[in-house]
Amino acid sequence: MSSHETNDSSLSPASGPPPGSARAAVSRGWDRVRDAWPQVLAAYGLSLLLSLSLAAALQVGLRESLEHREAAERLLQGWDGLWHASFSTRAEGLEATFDAGVVGIGAVLRSLDALVQGALLDLPLPLVVAGLLYLLGWVWLGGGLLARFGGDRRGVITLGAVHFRRLLSVAAVGWIGWALVLGSALPMLSRLVEHWCRDVVDERVHAAWLLGKYALVWSLVLAIRWVVDYAKVIAVADPSCSAGSALREGLRLCLRRARAVVGIAAILGAIGLALLVLYSFLAPGADQGNPFKILVAFLISQTSVVARVVMRAWGLASEQALWEAGRGR
Amino acid sequence: MMRVRNIGIVVATMMRARPAAPWLLLVPCLAAPAVGEVAAAPRPVRLAPVVAPGPSSEMGEHGPSSVEVAPQPWPQGPRSPRNANYTMQVRFDPGTKRLQGTQVLRWTNITEHPTQELRYHLYYNAWRNDRSSWLRRAREQGRGFDHVPDDGWAFVDVSEIQLRGAGEAEREDLSAGAEFIAPDDGNLDDRTVLRVPLPRPVEPGQTIEVELRFDAKLPRTFARTGFHGDYVLVAQWFPKVGVLRPDGQWACHQFIQTEFFADFGVYDVSLELPAAWVVGATGRELETQARGEATVHRFVQEDVHDFAWTASPHFSVHERRFEVEGLPPVDMRLLLMPDHAAHRERYFAGTVAALEHYGRWWGPYAYDHITIVDPAYRSKTGGMEYPTLFTGGTRWQSPLLSRSPEGVTVHEAGHQFWYGMVANDEFEHAWLDEGFNTYSTTRTLEAAFPAHARVERYLEGLFAVALPTVVPPERTAGMDAHAGMHSSLKRDPQSTPSWRTGPGGYHVNAYNKGAATLRTLEGYLGWTSFQRVMSTYFRTYAFSHPEPQDFFAVAELVSGQRLKWFFDQVWDDTVVFDYAVGEVASWREDEVPLGYADVEPAKGEADGTHGDRTDEPSWHSAVTVRRWGEGRFPLAVEVTFSDGTRKVEHWDGQERWHTYRYEHPGRVDRVRVDPGHVLVLDTEFTNNAWLREAPAGLAATKWASKWMLWVQHAMEGFAFFA
C-alpha cells in the first residue's frame, strides 16, 4: 500500500465525499500531486528545456534584426508593427511564427485554438518536433508519475523507463483513434456544417453549429483520452498486464464508472477554466520596459505553464485514485 | 513622363463635364504663383472657391487639432449634369432570385461629339458562365471559382430595346442591331457590354429616351452583389449606360476587375418585394403601395450615378439624425441584422465621424440622408459603397478596440465623398477614390477612434480577444507590408488603368499607394496647405469625373509648389522609396597623428602627460545616409550627440549616399533619416534610424520569452495526446 494512503483523510466517510466518487478521487489526486511536487515539476523542467532552446534561437534572430535600430526601443515599450512588417518579410522557419499574437492571454489561446482544431501538426517543423519530444517525454514521465503516485519511491525517470514501452503502445492506440477523429471526422463534419450553414445569415446560428461540431468531436477525443489514461493507470499498477489488456480494462472502467470518469474531467475542467480566466487578468501585455519588469512578466507567464503541468498530473492522479477506489484500495 | 495637361485643358474638362454651377467662381491664379508646366498656362483658372484657411494650425503627429475650414453649403437645384436618368419598375421573386423590370433611360449627350450608339453595362453577365472575362481573369490570378453551385450563376438579359419618339406610339426598335462587344480583351464569350446602334446620331446637347425590358438572375454573392439566404444586396444589377467621354469615345469597359463608372442623373425606381421584407436603397423612399402579398417601394434620388438596394426580412430599422454645427443635417437610417444588435451605436458613430470629418476637411455631404446596411453574416457583401447607401460589416463578437464596424463604416461612408460626389472613372483610376478615401479613413479614425488594438480570433474566428498593448501601425495605411525590393509597389505604375493591372497590382495601387502618396504629400506640404488642396479639388470636381491630372494641377496651383517631380515618381513609375542610415562612426584624434608626424609633439604629450591641457579632445564623426530605392525625396536628417546636442540637416535626397562630418564634444548617439516620417512611401522605415546603443538584446529577450510561452503551451497541447 502506498505511503500517502495513510494520510488520505479525504476518504473518511465521516468528513469527505463518498469513496469512489469523482470528488473523492480529485481530492485524493491532489494529495498525491502535492506529495510529489518535485517529480511533477520535472515535467515543467522538460518544457522549459525544450522551449528555451527554441527561444534562444529566436532571440538571436530578433537581436540581429534590432541591432542599432530604434525599433528596439519601441519593442521594449510595446510593439512596433513597422519593424515586424519588415522582419516578417525576411523571416523563415521559427522566426516566421513570431508575431504580436503571443502577447498576454494570446499565447495560451492561440495554442488552445490549434489543439481544439486539431491543427498542432500544422505548426512549423521545429515546433512539431519539440512538441512530439515533449509528448514522448510525457509518456515517459506519465508512467513515472503514476508509479510514484502509486507509492513507488524510486526516481520518476527510472520509473518512467520501466513502463515506457507498454505505455507507448497504449498511447499509440490512442493516436490512431485521435487521428481518425481529428484527421477524418473533424474535416468531414466541418464540410457538413459549412454545407448546412451555407445560407445562414446570423452568426449566432453558425456559432451554435460550430460549437456543436466541436462538442461532438471533443467528446470522442476525450472518450479516447479517458480509455488511454485508465489503461495507463492499469498498466502501471500491474506490470504483467499487456497494453491490449490494459486498454480493455480501461474501456471497461470508463463504461462502468462513466459518471465518475466524466465527473473528474468536469471538476478538473472547471478548475482549469477558472485558472484560465484568472490568468487572462494577470497575463502580461507588451509594455515591460526594463529587465525587472521583463523578468516579472516572464515569471507570471510561466505560472500558466506550471498550472497546465500540474493539472495534467492532477488528472492522472485522480484517475488513478478512482481506479484504486474501484478495486477497494 | 507625367502626363499633366495644361490648365486650359483642365478647365475645359471641368466645363464639359457639367454645366457651370453658381458656386464656380473665377479665381485667377489663386493661392500662389503656379509653377512648372502648370505655371506656363496663361489663362485664368476656374476653380471652386477655396475654403478660407483657418487659424494656422499645422498638423501635429496625429492630425489636425482643430477644424480649419468653414465648409460651404451646397446650392439648391441640380448639382450635376443629370444626363443619365433612369425610371425603373422592378419585381423581385425571392424564390427564383429573379428580377424582372422595365427601364426608361433619358440620356443627354453632354459632349461636343455626336454619337450613333449607346453602350450598356450588363454586369451580371460576368457570372453567366465560366467563359466570361471576369471569371477567366479570376482564374488567371489564382482566384478559383470551380465550386460555383448551380444556383450561384447569374445573368441579365435585355429585350425590347426601343427608342422613344415624341409620342407614345413613336417607337423604333433597337433590339435587332444590338450586339455584345468586348472592347478590352476581345473575348467573344463575354456579355458584359452591349452595344446598341442608334438610327440617327445623338447630337451634342440632344436628349433621347430608350426603353427596354430586362430579366436578371441574382448570383450567389459575387463581387459583393447577389443573394445569401434570404438577404439580398442588389448592386450593378440593371442595364447601365456607359459614359461618353469628352473626346466622344465610350468609357464602357467590360467587367473584368475594378469597380464602376457612370454619369450622374436622377433615379426613380420602384421595387416590388415581399411585404415582410425590409428594404433599403439609394435615395429616399417616397411611397409604398401594397400589391397583393407584395409591397412596391418607390425610391427617388437626384444627382447620383448608381442605384443599389438591399432587402431582407431580418433587418431591423434604426434612425438617427446627424446634426453638427456648420454642416447640413443628414438623416441616417441603419438596417441592422439581429446578431449585430449590440453594434448599432457603433455604426452610427462611424457614420457620424465620416460625415463630420470629411465634411469639415473636404466639404459637406451633399444629400440629406444616408442608408447604412449591416450585411448578413458571410454574405460577402460588406464594405461596399453606392450613392447614399453603403454596406458596413462586423462580427457578432467584436471588441471595441477592434474598430469593427467603425473602420469599415468610416471608409464606406467616406466613399460618399470620394466616389459618390467626386466621381472619377474607377475603371481607369481607382486610386482617385480608393486611395483618397483610404487616406481620409485613416485620418478620421485617428481623430475619432484613437483607441485601437490588435484583435485575435479563435475557433474559426468565432471568438475575439483584443490585445490592448499591441497597437497596429496606422499612418502607413498598409504600406508597411511592402518592404524593399520585393515591394508590391513594383507591380504596376499607378498610371496603369485599373482594369489592366496585373495580379496583385490593383489593390496595392488603388488603396495602399494612393493613401501613402497623399499622406506623404500632406507631410511635405503641411496640413494647412494640403487641406486646402484637397478641399479645393473636392469642391471643384464634385459631381463630375476628374482625372489624375486634374488633381495634380490643383495640388500645384493651390500649394504654389512644383510637384511634378513627385507625381512623376509615384504615379507614372514603379520606383520605391527607401532611405536609410548607412555607416556611422565616431572617433577621437590625438593632436599628433599616428604614424609619421610632421609636427613636434606638444609639451607633455611625448611623455603622455598632455602638459597643461585639461579639455578633452573633440569627437570626429561621420554619418553616411543612403538612398537604397530609386525614388528621390528631400528629407531631414537628425543627428543627436552624446552630450544631448541635436543637429538637423536637410538632405535633398538626390545622391545615392551622403556623408555628414562633425567635430563635436560628444560622439554620435543617434541618427534618424526623416524623423517626422514624412515620406510614408518609404517601404522600409525600420532602417531610417541608427542608435549607438540600442537595447536590442533586452528587447529580443523580452519578445523571445513571450514567444516561448506560446511554444510551451503548444507543447502542452501535444502532451494532451501522451
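All figures in this text were calculated on a predicted structure; none of them were measured in a lab.

Rules used in this analysis
- Residues numbered from 1 in each chain as written.
- Chains lettered and ligands numbered in written order.
- Predicted model: local features only at pLDDT ≥ 70, side-chain atom pairs only at ≥ 80, totals over all residues.
- Heavy atoms only, no water.
- Helix = DSSP H or I, 4+ residues; strand = E, 2+ residues; numbered from the N terminus.
- Buried < 20%, exposed > 50% of the residue type's maximum accessible area, 1.4 Å probe, protein only.
- Contact = heavy atoms within 4.5 Å.
- Pairing = 2+ DSSP bridges.
- Axes fitted to C-alpha atoms, helices over the stretch in contact; angles between N-to-C directions.
- Core = buried A, V, L, I, M, F, W, Y, C linked by side-chain atoms within 4.5 Å.
- Salt bridge = Lys/Arg side-chain N within 4 Å of Asp/Glu carboxyl O.
- Polar contact = N/O pair within 3.5 Å; in protein donor to acceptor, adjacent residues only side chain to side chain.
- pLDDT = per-residue confidence, 0-100.
- Lys, Arg positive; Asp, Glu negative; His and termini not counted.

(A) Region of the structure containing the overall build of chain A. Helices and strands together make up the secondary structure of chain A, namely 11 helices and zero strands. Starting at the N terminus, the α and β elements of chain A follow one another as α-α-α-α-α-α-α-α-α-α-α. Within the span of chain A, comprising 329 residues, buried residues form 52% of the whole. In chain A, 71% of the contacts between residues at least 6 apart in sequence involve partners at least 24 apart.

(B) Helix H4 (residues 81-90) of chain A, seen in detail. Within the sequence span of H4 of chain A, burial applies to Gly 81, Trp 83, His 84, Ala 85, Ser 86 and Phe 87 of chain A. For H4 of chain A, the elements touching its buried residues are helix H2 (37-66) and helix H3 (71-77) of chain A.

(C) The sheet that holds strand S23 (residues 369-373) of chain B, seen in detail. Residues and elements named next belong to chain B. In spatial order, the strands read S21-S22-S23-S25-S24; together these five strands make up an open sheet with mixed pairing. Edge positions in the sheet fall to strand S21 (316-322) and strand S24 (384-386), since each has one partner strand and no second. Mean inter-strand twist for the sheet, computed between neighbouring axes without regard to direction, equals 15°. Here seven bridges tie S21 to strand S22 (residues 330-336), and the two strands are oriented antiparallel to one another. For Glu 319, the partnering residue across the bridge sits in S22 and is Arg 333.

(D) Region of the structure containing the pairing of strand S4 (residues 98-108) of chain B. Residue and element names in this part refer to chain B. Counting buried residues in S4 gives eight out of 11 residues, a clear majority hidden from the surface. Counted along the chain from strand S3 (residues 84-93) to the antiparallel partner S4, the turn is four residues long, and its residue Lys 97 has a positive phi close to 60°. Pairing analysis gives 11 bridges linking S4 to strand S10 (residues 207-217), with the strands arranged antiparallel. Looking at S10, one finds that Gln 100 is bridged to Asp 215.

(E) A look at the nonpolar core. One finds Trp 107, Leu 118, Trp 237, Trp 309 and Phe 551 of chain B to be the most contacted residues of the largest nonpolar core, which totals 162 residues. Setting aside its immediate chain neighbours within four residues, Trp 107 of chain B contacts Asn 83, Ala 84, Thr 115, Leu 118, Val 202, Gln 206, Thr 207, Ile 208, Val 241, Leu 244, Trp 250 and Asp 263 of chain B. In terms of nonpolar packing, the next biggest core, distinct from the first, is built from 127 residues, Leu 115, Val 217 and Phe 298 of chain A together with Ala 699 of chain B among them.

(F) Expanded view of the interface of chain B and chain A. Contacts between chain B and chain A engage 75 residues on the former and 104 residues on the latter. The tally of links from chain B across to chain A stands at 12 salt bridges. In this structure, the salt-bridge partner of Glu 460 of chain B is Lys 213 of chain A, at a minimum N-O distance of 2.6 Å. Applying the counting criterion to the chain B and chain A interface returns 43 residue pairs in polar contact (both at pLDDT 80 or more).

(G) The sheet that holds strand S5 (residues 115-121) of chain B, seen in detail. Residue and element names in this part refer to chain B. An order of S8-S9-S5-S13 is seen for the four strands of this open sheet, with the pairing classed as antiparallel. Sheet topology places strand S8 (179-180) and strand S13 (240-241) at the edges, where each strand pairs with a single neighbour. When S8 meets strand S9 (residues 193-202), the two strands line up antiparallel, connected through two bridges. Bridge pairing links Phe 180 to Leu 194 in S9.

(H) Structural context of the confidence of the model for chain B. Per-residue pLDDT for chain B averages 87, and the proportion of residues at 70 or more is 85%. Low pLDDT, under 50, characterises residues 608-613 of chain B; the predicted model gives this stretch eight contacts beyond four residues in sequence or across chains.

(I) Layout of the environment of Glu 434 of chain B. Residues and elements named next belong to chain B. By the secondary structure assignment, Glu 434 is in helix H6 (residues 431-448). When its relative accessible area of 1% is taken as the criterion, Glu 434 is described as buried. Sequence-distant contacts of Glu 434, that is, excluding residues within four places in its chain, are made with Glu 259, Glu 385, His 411, His 415, Ala 510 and Tyr 511.

(J) The side chain of Lys 97 of chain B, seen in detail. All names here are of chain B. Here Lys 97 is to be found in the loop between S3 and S4. As a buried residue without a salt bridge, Lys 97 has its nearest oppositely charged side chain in Asp 151, at a separation of 6.8 Å. At 2.8 Å, the side chain of Lys 97 and the backbone oxygen of Pro 94 are in polar contact. Those residues within four positions of Lys 97 in sequence are excluded, and the remaining contacts are Phe 92, Ala 216, Lys 217, Leu 218, Phe 227 and Gly 229.

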